[in-house]
Amino acid sequence: MVGKDCVAIACDLRLGMQALTVSNNFPKIFNYAPSTYLGLTGLATDVATVSDLLRYKVNMYRLREERNIAPQTLANLVSSTLYEKRFGPFFVSPVLGGINQTTGKPFICGFDSIGCIDFAKDFIVSGTASEQLFGTCEGLWEPDLSPEDLFETISQALLSAVDRDALSGWGAQVYIIEKDKVTQRLLKGRQD
Amino acid sequence: MTSFGRYTSAETVGYSFSQPTSAPNKEHSFYPYTDNGGSTLGISGSDFAILAGDTRSVAGYNINSRYVPKVFKIGGDDESGDGAHILLSVVGFAADGQALKERLDAVVKMYKYQHGKPMSVRACAQRLSTILYQKRFFPYYVHAILAGLDEEGKGALYSYDPVGSYEREQCRAAGSAASLIMPFLDNQVNFKNQYIPGSGEGHALEPKKAEPLPRETVEQLVRDAFTSAVERHIEVGDGLQMMVITKSGIEEIYSPLKKD
Amino acid sequence: MDVLLGITGKDFVIVAASKAAMRGPTVLKADDDKTRQLNKSTIMAFTGEAGDTVQFAEYIQANIQLYTMRNDTELGPAAVANFVRGELARSLRSRNPYTVNLLLGGMDPISNKPSLYWVDYLASLAQVPYAAHGYAQYYCLSTLDKHHHPDISLEQGLKILEMCTDELKRRLPIDFKGVLVKVVTKDGVEILDYDNDKIVKSA
């Protein structure tokens, strides 16, 4: 979700096999640069595989270039990484959020499982509660929110959405990304 | 003898050039339902209830019409609906919705003629459940919402599944965009996940109590819910039909929605 | 109908695995060991396709030992878990993947913190305070949800384990021949004497 000079990205904490909850502390957001985060939903094994693979690629990028990866660059890296497996895809639908340190501008985008990028100005949703998230985000979000208001908006949107989805929930994690500050918050949410 | 797929030939000699002597029987089946899309939404207040629905009717990716109402007055004049004191919204299969509305309308009118008093919303709600359950094995393929004012003059809202299971609620969204609208309503009408600032530390925070909302607020929430649903759901759009029932009667408000 | 259970506590990890080796309805062996020790302070319990399980476990065991010899470093449980996951994930998209579900229990050799990892045949990895595989999940997780605390002692841990195995004896239709219980502490891995002959009356 985009705010005024800030970005927020949030995820729930459930890991389940169909109806059975295996873990209630399984974060789905990964950090790739000081102000660049990637959320991954989908098949748990591919969430781990893709996040590890990207960590390797981003580390190599940082060593080669001697600078942090920009959100836009990471977006293209994610896209090409996923498209490499066009005919045997990773079953994930990533969401990227960050601030470009050169321009200072917020950047978010989403992907399908084979790497098609969805650039959005407002918000990106993904996962089993995506329909619910579309509803809450479309209803609650407004342009140019301050970091505090953006935190409240994304939290309310996420919690209300996952409470209407049996496969999501069990707490949430929220990151508020500003140009030179990142705030991480844990939300308890309903435990059922 | 060789058999070629699903063609069963009466011929016993399997020449490669032999043609099946009779055309294979293809089974035709008639599916009695279609999904006409759209969404409805109802919210009750302290002295009113609102039922709203978009007016688009679809079949697959086709738009049949941009104005097919989903909210009806029950028990009023056939033409104008005057004198009605109950509202019904139906979403799903439009033909069943129409039929159901006609049935309920007739029932409510017969009740008035036979008993000399208007049917209470509570009685009507139970009757609607019975009507739906009577067709348990060939259901009216609709999600119905019934609205009116209860014996105390408070807003009453009842929601149904296609076979008559029902419940009185504060608010309910139904139809194709229900999954988009319902969590928004949980948050904005029942204040789910909202707490009173400064009422406690951490987990001791006191949840914000849900209270009946004023009419202006509810009307705005309905508009917001539908403009949001229109943005993200292709089956919702064209027009928003809102009916507000108060002790002074039923008010109908139509406002356009995006037609894309 | 294999049973795998794992419970962490203040300074230990219990890993229990059923002793029956089954093929269909037949019990082939009543004292099977479904665990392998990977290094001084990590053990792995496994169930799944017959053949795959031991093959995969011993492949992992050998490679962990090889790494330790080459680099003269003991791998911590997190490193082991991620290595195992990586190998299983690689196998998942190969021509014939290993169908094995795992539990990894270990003590960090430096911080002496216990940890337990749940891994399924799709190579989903999750660090958890307690875990189960197979039907045991449905019967035991609720018991563990209710009674587990992060700082329980070994005695308390074993008491919870007993509640779990009692429930399994009550509800599983096939005798799993009791469990083999291993515990990892800072001093390494040891097999515990566990009373499997206790008769549990059905509810």
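Residues numbered from 1 in each chain as written. Chains lettered and ligands numbered in written order. Predicted model: local features only at pLDDT ≥ 70, side-chain atom pairs only at ≥ 80, totals over all residues. Heavy atoms only, no water.

By the naming in an unreviewed UniProt entry, chain C is Proteasome subunit beta, taken from Penicilliopsis zonata CBS 506.65. Under the heading Function (unreviewed entry), UniProt records this for chain C: "Component of the proteasome, a multicatalytic proteinase complex which is characterized by its ability to cleave peptides with Arg, Phe, Tyr, Leu, and Glu adjacent to the leaving group at neutral or slightly basic pH. The proteasome has an ATP-dependent proteolytic activity." (UniProt positions renumbered as here; feature names shortened; annotations may be inferred.)

Chain B carries the name Proteasome subunit beta in an unreviewed UniProt entry, which gives Penicilliopsis zonata CBS 506.65 as its organism. Turning to chain B, the UniProt annotation filed under Subcellular location (unreviewed entry) states: "Nucleus".

A. The arrangement of the overall build of chain B in detail. From N to C terminus, chain B includes four helices and 12 strands. What you see for chain B is a C-alpha radius of gyration of 24 Å, clearly larger than the 18 Å of a compact globule of 260 residues, by over 25%. Taking the principal axes of the C-alpha coordinates as reference, chain B spans close to 85 × 60 × 35 Å. Counting over 260 residues, chain B shows a buried share of 45%. Considering only contacts in chain B between residues 6 or more positions apart, those separated by 24 or more positions represent 59%. About 14,100 Å² of surface is accessible on chain B, with carbon and sulfur atoms providing 53% of the total. For chain B, the distance from the average position of its 27 positive side-chain charges to the average position of its 31 negative side-chain charges is 2 Å. (Helix = DSSP H or I, 4+ residues; strand = E, 2+ residues; numbered from the N terminus. Rg over C-alpha atoms; globule rule 2.2 N^0.38 Å. Buried < 20%, exposed > 50% of the residue type's maximum accessible area, 1.4 Å probe, protein only. Contact = heavy atoms within 4.5 Å. Areas by Shrake-Rupley, 256 points an atom, 1.4 Å probe, with all protein chains shown as cover. Lys, Arg positive; Asp, Glu negative; His and termini not counted. Charge placed at Lys NZ, Arg CZ, Asp CG, Glu CD.)

B. Highlighting the overall build of chain C. A tally of helices and strands in chain C yields four helices and 12 strands. Computed over the C-alpha atoms, the radius of gyration of chain C is 16 Å, within 12% of the 17 Å expected from 2.2 N^0.38 for a compact globule of 203 residues. Considered along the principal axes of its C-alpha atoms, chain C spans approximately 55 × 40 × 25 Å. Across the 203 residues of chain C, 51% fall into the buried class. A separation threshold of at least 6 residues defines the contact pool for chain C, and within that pool the share at least 24 residues apart is 60%. In the form shown here, chain C has an accessible surface area of approximately 9,900 Å², with 49% of it arising from carbon and sulfur atoms.

C. Representation of the packing of helix 1 (residues 44-65) of chain A against helix 2 (residues 71-83) of chain A in the model. All names here are of chain A. Where helix 1 contacts helix 2, the axes come no closer than 11 Å and their chain directions differ by 130°. Relative to helix 2, the element helix 1 lies oblique. For the pair helix 1 and helix 2, the crossing hand works out as right-handed. Here Leu53, Leu54, Lys57, Val58 and Tyr61 of helix 1 come into contact with helix 2, specifically with Thr73, Leu74, Leu77, Val78 and Thr81. Its residues placed into classes, the contact of helix 1 with helix 2 shows seven nonpolar, two polar and one charged. (Axes fitted to C-alpha atoms, helices over the stretch in contact; angles between N-to-C directions. Parallel < 35°, antiparallel > 145°, perpendicular 65-115°, else oblique. Left-handed = near helix turned anticlockwise from the far one by under 90°. Nonpolar A, V, L, I, M, F, W, Y, C, P; charged D, E, K, R; others polar.)

D. Examining the sheet that holds strand 1 (residues 4-8) of chain C more closely. Residue and element names in this part refer to chain C. The sheet built from five strands is open, its strands ordered 10-1-2-11-12 with antiparallel pairing. Of all strands in the sheet, those bounded by a partner on one side alone are strand 10 (130-133) and strand 12 (188-192). Shown here is a sheet whose adjacent strand axes are inclined to one another by a mean of 15°, direction ignored. Alignment of strand 2 (residues 13-18) against strand 11 (residues 179-185), held across six bridges, turns out to be antiparallel. Counterpart to Ser18 in the pairing with strand 11 is Val179. Along the sheet, helix 3 (residues 136-147) makes contact with strand 1 and strand 10, crossing strand 10 at roughly 165°. Set on the sheet, helix 4 (residues 154-171) makes contact with strand 1, strand 2, strand 11 and strand 12; between it and strand 1 the angle comes to about 155°. (Pairing = 2+ DSSP bridges.)

E. View of the pairing of strand 5 (residues 29-33) of chain A. Alignment of strand 5 of chain A against strand 6 (residues 36-42) of chain A, held across four bridges, turns out to be antiparallel. Note on strand 6 of chain A: the bridge partner recorded for A:Phe30 is A:Leu38.

F. Quick peek at the side chain of A:Lys28. Residues and elements named next belong to chain A. Along the polypeptide, Lys28 turns up in the loop between strand 4 (20-23) and strand 5. Engagement of the side chain of Lys28 in a polar contact is seen with the backbone oxygen of Asp12, the distance being 3.1 Å. Separated by 3.0 Å, the side chain of Lys28 and the backbone oxygen of Phe26 make a polar contact. Dropping the residues within four chain positions of it, Lys28 is found in contact with Cys11, Asp12, Leu13, Arg14, Leu38, Gly39 and Leu40. (Polar contact = N/O pair within 3.5 Å; in protein donor to acceptor, adjacent residues only side chain to side chain.)

G. Representation of the interface of chain C and chain A within the structure. The partner chain A presents 18 residues to the 17 residues of chain C that form the contact. Carbon and sulfur atoms make up 59% of the area that chain C and chain A hide from each other, which totals about 1,200 Å². Interface area lost by chain C to chain A is led by C:Arg85, C:Arg93 and C:Trp118, which between them contribute 41%. The interface formed by chain C and chain A includes one salt bridge. Residue A:Asp46 is joined to C:Arg93 by a salt bridge in which the shortest nitrogen-to-oxygen separation is 2.6 Å. One can count six residue pairs in polar contact (both at pLDDT 80 or more) joining chain C with chain A. Among the elements of the structure, helix 2 (77-92), strand 9 (125-127) and helix 3 of chain C are those that each provide at least two residues to the side of chain C that touches chain A. Considering every element that reaches the side of chain C that touches chain A, the biggest residue donor is helix 2 of chain C, with four residues. (Buried area = accessible area lost by both parts, 1.4 Å probe. Salt bridge = Lys/Arg side-chain N within 4 Å of Asp/Glu carboxyl O.)

H. Molecular detail of the confidence of the model for chain B. Per-residue confidence for chain B gives a mean pLDDT of 93, with 92% of residues at or over 70. In the predicted structure, residues 1-5 of chain B sits below a pLDDT of 50 and forms four contacts with residues beyond four places in sequence or in another chain. (pLDDT = per-residue confidence, 0-100.)

I. The arrangement of the pattern of salt bridges in detail. Applying the stated rule across the entire model yields 34 salt bridges over all chains. A:Arg67 is paired through a salt bridge with A:Glu65; the nearest N and O atoms lie 3.1 Å apart. Linking A:Glu138 and B:Arg232 is a salt bridge whose minimum nitrogen-to-oxygen distance equals 2.8 Å. Taken together, the residues A:Glu138 in helix 3 (residues 130-140) and B:Arg232 in helix 4 (residues 215-232) connect one chain to another. The exposure class assigned to A:Glu138 is buried, which follows from its relative accessible area of 19%.

J. Here's a closer look at a nonpolar patch on the surface. Residues and elements named next belong to chain A. A surface patch of nonpolar side chains, about 340 Å² in accessible area, is lined by Tyr56, Met60 and Leu63. If you trace the backbone, Leu63 turns up in helix 1. In this structure Leu63 comes out as exposed when scored by relative accessible area, which is 64%. (Patch = residues over 30% accessible without salt bridge, like charges linked within 9 Å, V, L, I, M, F, W, Y side chains within 5 Å.)

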